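# Topology and contacts: notes
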Amino acid sequence: MKFDTPATTNPIDQLKVIGKPTDRIDGPLKTTGSAPYAYERHDAAPDAAYGYVVGAGIAKGRIASMNLSAARAAPGVLAIVTARNAGKLGKGNMNTAKLLGGPAIDHYHQAVALVVATTFEQARAAANLVVIDYERTPGKFDLAAEKDGAPLAKPSDQGPSETKVGDFAAAFAAAPVQLDASYTTPDQSHAMMEPHASTASWTGNKLTLWTSNQMIAWGVGDVAKTLGISKAHVRLVSPFIGGGFGGKLFVRADALLAALGARAARRPVKVALQRPLIANNTTHRPATLQRIRLGANRDGRITAVAHESWSGDLPGGGPETAVNQTRLLYAGAHRMTATRLAVLDLPEGNAMRAPGEAPGMMALEIAMDEMAEKLGIDPIEFRVLNDTQVDPEKPERPFSQRQLIKCLQTGAESFGWKQRHAQPAQVRDGRWLVGMGVAVAFRNNITMTSGARVRLDNKGLVTVETDMTDIGTGSYTVIAQTAAEVMGVPLQQVFVRLGDSAFPASAGSGGQWGANSSTAGVYAACMKLRASVVKKLGMTGDVAFANGQVSAGGRSVALAEAAGAKGLVAEDSIEFGDLGKKYQQSTFGAHFVEVGVDAFTGEIRIRRMLAVCAAGRILNPKSARSQVIGAMTMGAGAALMEDLAVDKRHGFFVNHDLAAYEVPVHADIPHQDVIFLDETDPMSSPMKAKGVGELGMCGVGAAVANAIYNATGARVRDYPITLDKLLDKLPALA
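Residues numbered from 1 in each chain as written. Predicted model: local features only at pLDDT ≥ 70, side-chain atom pairs only at ≥ 80, totals over all residues. Heavy atoms only, no water.

## Focus on the packing of helix 16 (residues 621–640) against helix 17 (residues 700–712)
Interhelical geometry of helix 16 versus helix 17 gives an angle of 55 degrees and a closest axis separation of 7 Å. Between helix 16 and helix 17, the angle falls in the class oblique. Crossing angle aside, the handedness with which helix 16 passes helix 17 is right-handed. Contact with helix 16, carried on its side by Met-632, Gly-635, Ala-636, Ala-639 and Leu-640, involves Val-700, Gly-701, Val-704 and Ile-708 of helix 17 and no other residues of that element. (Axes fitted to C-alpha atoms, helices over the stretch in contact; angles between N-to-C directions. Helix = DSSP H or I, 4+ residues; strand = E, 2+ residues; numbered from the N terminus. Parallel < 35°, antiparallel > 145°, perpendicular 65-115°, else oblique. Left-handed = near helix turned anticlockwise from the far one by under 90°. Contact = heavy atoms within 4.5 Å.)

## Examining the pairing of strand 21 (residues 450–456)
Counting buried residues along strand 21, 6 of its 7 residues qualify, which places the element largely inside the surrounding structure. As paired elements, strand 21 and strand 22 (residues 462–465) share 4 bridges and run antiparallel to each other. The partner of Leu-456 across the bridge, within strand 22, is Val-462. Where strand 21 folds back on strand 22, the antiparallel hairpin that results is connected by 5 residues, among which Gly-460 adopts a positive phi of roughly 80 degrees. (Buried < 20%, exposed > 50% of the residue type's maximum accessible area, 1.4 Å probe, protein only. Pairing = 2+ DSSP bridges.)

## Topic: helix 13 (residues 514–537)
Side chains three or four residues apart in an α-helix point the same way, a direct result of the helix having 3.6 residues per turn. The end-to-end C-alpha distance of helix 13 is 34 Å, a good match for the 34 Å that 24 residues give at a rise of 1.5 Å each. Most of helix 13 is tucked away: 17 of the 24 residues are buried. Phi for Gly-538, located one or two positions after helix 13, is positive at around 70 degrees. (Expected span 1.5 Å × (residues − 1).)

## What to know about the environment of Lys-406
Its location among the elements puts Lys-406 in helix 11 (residues 404–415). Counting along the chain gives 259 residues from Lys-406 to Val-665, while the straight-line C-alpha distance between them is 32 Å.

## Quick word on unusual backbone geometry
Here the residue pair Gly-102 and Pro-103 is connected by a cis peptide bond, since its omega of -5 degrees sits within 30 degrees of zero. Within the element layout of this structure, Pro-103 appears in the loop between strand 4 (77–82) and strand 5 (104–105). Residue Tyr-719 is joined to Pro-720 through a cis peptide bond whose omega torsion reads -5 degrees. Looking at the secondary structure, you find Pro-720 in the segment after helix 17. A positive phi angle, close to 60 degrees, is found at Ala-354, a residue other than glycine. Despite not being glycine, Gln-512 shows a phi value in the positive range, around 65 degrees. Relative to the helices and strands, Gln-512 is located in the loop between strand 23 (494–497) and helix 13.

Next comes the structure, spelled out in structure tokens:
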């Protein structure tokens, strides 16, 4: 199905199932422990051996020697895989560094060996007997030190490396009110609950990988390319994923080493990256240095906008695109953005929930508050004043939907913004300094080709098959809701099968595109199935699908009867046309935060949080709310605690486990409220929906930072906002 004209009235608009707050249909499997995750496929591979990964002990250099004799002689050892005996290996399109290192080492904890044994304990013990001598070479590990020499990043599908509209330099110089400030965000870890894990089994020259992966079709391609085999000989299965946040978009070392280990041991092998290995072995959100300049007239209208960002990655890697939202969010005739990329020898930087916008908004939305203060204008009024209904770089290109002002106004009313004291450090609650902060939420709406297969059997049951994944986002449920709505059957009559490369390729889970694109693909397949039913029954005119029946012209037939003994099958995909070029498609929101800061110790406590979101039709308000509050929690962590600390001497992340890498816990997060604006976007897809799971994170960090400033008068521009950055800036005790 080609989607190249705006959606009109269609079966989704009935809203009998879609739009209802529906419990997750996979919930019982997860709460009872019966959902099969990648490391637990005892049903498919009951005799699996265990692999234990050995990571490089240096960040850059070579392996001078590797002594495996003691490890090979250890009890239970079946095989040891290294670059020397693994055979010729390629590198996947989505990988920056090789997944199996040696003799050259690209980064700290790069996998250099896999020890396979009968039990996990045997594999771990033998791995500790591997003796490696290295030749260390100097590396670059400090972004700030490399900043001045960093060139512009290469243009990519993430956007150009540099944009210029008008004459920024002249407009900024002439602006009566100016802001020129720098901000930093640190390296961050995905810190998902389930580690990267895979179970591999070979049948002849065909490989099956049960793996924790967000993008099945991408994974098949990269596994095949790395191993040098046909994609037709690779099957990836990933029906349940215990969190990803972008860290499982691409095939990682666990998958490759499980496949190599299974081939060497001649039996199934499962590998889970040990937790202390994950931060350095897999990907992370790279640190940024950002400079923002704003120029405005005294009436508060922005005349000049510039946003520059620096980040680093391994050779061949990409930047953190922290400037992208600034190209679209606020009006201003004279504009400039630039994205620069330094070469660093740290582990690979790559996508983490809302890449680009999440760290970019952490800077931009502080800058907007700082500029509002310079102008003496309320922060919300300043943002409303500089709203735009068209792409500022291409004024002929309107937004498909943009209810940003309504998000701000709705949130202000609900949160009690009028009670905020404009002058910082004026509100006390006992020993607590209390403040409110606001920030805009913004994330682009990305659409991806997505396919599905739908079966109708002689009992009237509908089965959906697509390689779409569920990373805790509720894919099973919204896909079932879509099929139930279009086919006119109760939700209980729909069965959803996900995460198998034997199924049609979907959009996958990433970039906030999953829910809208995958459900649109299911919609396309269901519409094709409807057409098959109508054709088989010879019906004409207005045909209705409802209550398990298909009706037209006074005639009604049960879907079970229409399917016949053999059933009916339809397969289709959604392919998006040029609407995304004609209209700028984005999602919008507003975050409100109230904090308390201990006047004596500087301890920060979030007291209240509210998100107001405009993201098209909300397919399942219950799971959407869950996504947003999870994103808000993640944003709070980014604001106050998350920081992969770099050892700039030896080139690794020091706090590489969940004991030392701090993330929010229940006690850190108060009750959170979420408001969804009533909205549909016919330009986005037949579903008229958009993603929301990353929008909920964008802007949260800045809202926290702005609230802290309002509470204390202490402006911190370097995340995370920890006690040491506040203590000497706190107001004098009264």
